[in-house]
Every structure is written in structure tokens, then in C-alpha cells.
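Structure assessment
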Amino acid sequence: MKLYLAGPDVFRTDATEWAAAARALCQLCGHEALLPLDGKAQDAAGIYAANVEMIRAADAVLANLAEFRGAEPDSGTAFEVGFAIALGKPVVGYLPADEALADRIARHCGPLTRDEVGLLDGSGLRVEQFGLPLNLMLAVPARIVVGDLSTAIAALPRRG
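Quick look at the structure, then. As the structure is a prediction and not an experimental result, all values here were calculated from the model.

**Side note on helix α4 (residues 101-109)**
- For α4, the full list of buried residues reads Leu101, Ala102, Arg104 and Ile105. The buried side chains of α4 occupy one side of the element, clustering within an arc of 160° when seen end-on.
- Of the surrounding secondary structure, the elements contacted by the buried residues of α4 are β4 (91-95) and β6 (119-120).
- Positive phi shows up at Gly110, right after α4, with a value of about 95°.

**Focus on the packing of aromatic side chains**
- Enumeration according to the criterion identifies three aromatic pairs in this entry.
- Taking 5.6 Å as the distance between ring centres and 20° as the angle between the ring planes, the aromatic pair formed by Phe11 and Phe68 counts as stacked. Within this pair, whereas Phe11 is found in the loop between β1 (2-6) and α1 (15-28), its partner Phe68 is found in the loop between β3 (60-64) and α3 (75-86), the two being separated by 57 residues in sequence.
- With centroids separated by 6.1 Å and ring planes inclined at 50°, the aromatic side chains of Tyr48 and Phe79 adopt a geometry described as tilted. Pair noted here: Tyr48 is in helix α2 (residues 44-57) and Phe79 is in helix α3, with a separation of 31 residues, a long-range link.

**Here's the deal with the pattern of salt bridges**
- Counted by the stated rule, this structure contains eight salt bridges.
- Among the ionic pairs, Glu67 bridges to Arg104, the shortest N-O distance being 3.3 Å. Taken together, the residues Glu67 in the loop between β3 and α3 and Arg104 in helix α4 connect sequence positions 37 residues apart.
- You can call Arg104 buried: its relative accessible area is 3%.
- What emerges from the salt-bridge pattern is a single network uniting Glu67, Glu99, Arg104 and Arg107.

**Focus on the pairing of β1**
- For β1, the tally of buried residues reaches four of five residues, placing the bulk of the element in the interior.
- Summarising the sheet, β1 and strand β2 (residues 32-34) pair through three bridges and their orientation is parallel. Following the sheet pairing, Leu3 is matched in β2 by Ala33.
- Handedness of the crossover is the feature at issue here: the chain leaves β1, passes through α1, returns alongside β2, and the resulting connection is right-handed.
- One ladder, built from four bridges, connects β1 with β3; its direction is parallel. Within the sheet, the bridge partner assigned to Tyr4 lies in β3 and is Val61.

**Some words on the sheet that holds β4**
- Within the open sheet, the five strands sit side by side as β2-β1-β3-β4-β7. Their pairing is parallel. Pairing within the sheet leaves two strands with one partner each, and these edge strands are β2 and β7 (143-146). On average, each strand axis in the sheet is inclined to that of its neighbour by 25°, with strand direction left out of account.
- This element, α2, spans β1, β2 and β3 of the sheet and lies at about 140° to β1.

Procedures and definitions
- Residues numbered from 1 in each chain as written.
- Predicted model: local features only at pLDDT ≥ 70, side-chain atom pairs only at ≥ 80, totals over all residues.
- Heavy atoms only, no water.
- Buried < 20%, exposed > 50% of the residue type's maximum accessible area, 1.4 Å probe, protein only.
- Helix = DSSP H or I, 4+ residues; strand = E, 2+ residues; numbered from the N terminus.
- Arc of directions from axis to C-beta.
- Contact = heavy atoms within 4.5 Å.
- Phe/Tyr/Trp six-rings, centres within 6.5 Å; stacked < 30°, edge-to-face > 60°.
- Salt bridge = Lys/Arg side-chain N within 4 Å of Asp/Glu carboxyl O.
- Pairing = 2+ DSSP bridges.
- Right-handed = clockwise from strand over helix to strand, strands pointing away.
- Axes fitted to C-alpha atoms, helices over the stretch in contact; angles between N-to-C directions.

Right, here's the structure in full:
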């Protein structure tokens, strides 16, 4: 399968080394990795177009949905997941720990409060209480696993 690897890993200082290891892992498991770093474009519009084309060419998307610069996943990765879902592609998201979204928000943003309707964050905004590890718009349509890229590869749906 061709696997698009979505996630904030492209922002790592060792992104080139990470990409080589990720590509090797996919190959070892019999898959081809499609990585955002594969593109040649240097401008924002070109990078976007190249990534969208790779998602279209992929059989599935594996997404690192770990916290990125806060309690939530990388916004670009969230877009890529939504785009893949809209195209009918299977998506496996992976997280480093099994933690409910409300607990993660409390850890990042301070104690949650409660009113007559439910939980509120420090800004007074409602917090989802479905017990999911991510916002329902990611956790419901994608298969979410706890682990790393190898865990996500193992969780891919079997092709008939």
C-alpha cells in the first residue's frame, strides 16, 4: 500500500533522519511511504498542492496526532486527516498515550470547572465529554491507536 505519513514530524530538527527511518519501516512492512518532505516545492501553495496530490495517490493515511504546540494535534495534520476521510481513504491516527481529551486539556490549560451543562476550560469554553482521546471530528472517523508509527502500520485495514 502507498501510505501518506501525516504529522508534525516534518518540523523536527532531525526531520530528514526521521523520514528515512519512517520510509525504511514502511518498506520493511511491505508498504511505500509518501512523505510531505518528498515534495520539491518551496512556497506554501506548492507544498499544499504536492501534499494534497500525495494524499490523493495514497491508499491510506497514517497520522501522528500527538499534541503539537498545545493540547491539540497539528492543524495541518488535522486538515490532511479530514481531506483523506472526505476522499474515502482509511486513516489510522496514533497517539503516544491513552488519555481522554478533557484530561489533556486540563493538563495543558489548568483545572476544568463545571456548570449545569458540563465541563468548561479556563477560558469558559465547553469541553467535549465523550471520553475520546481527541475531538470527535478526528476520533470518530479515524481509527485511533496508542503507540507509534509501527503501531499504526499494524492497525491498517487488511486489503482484500
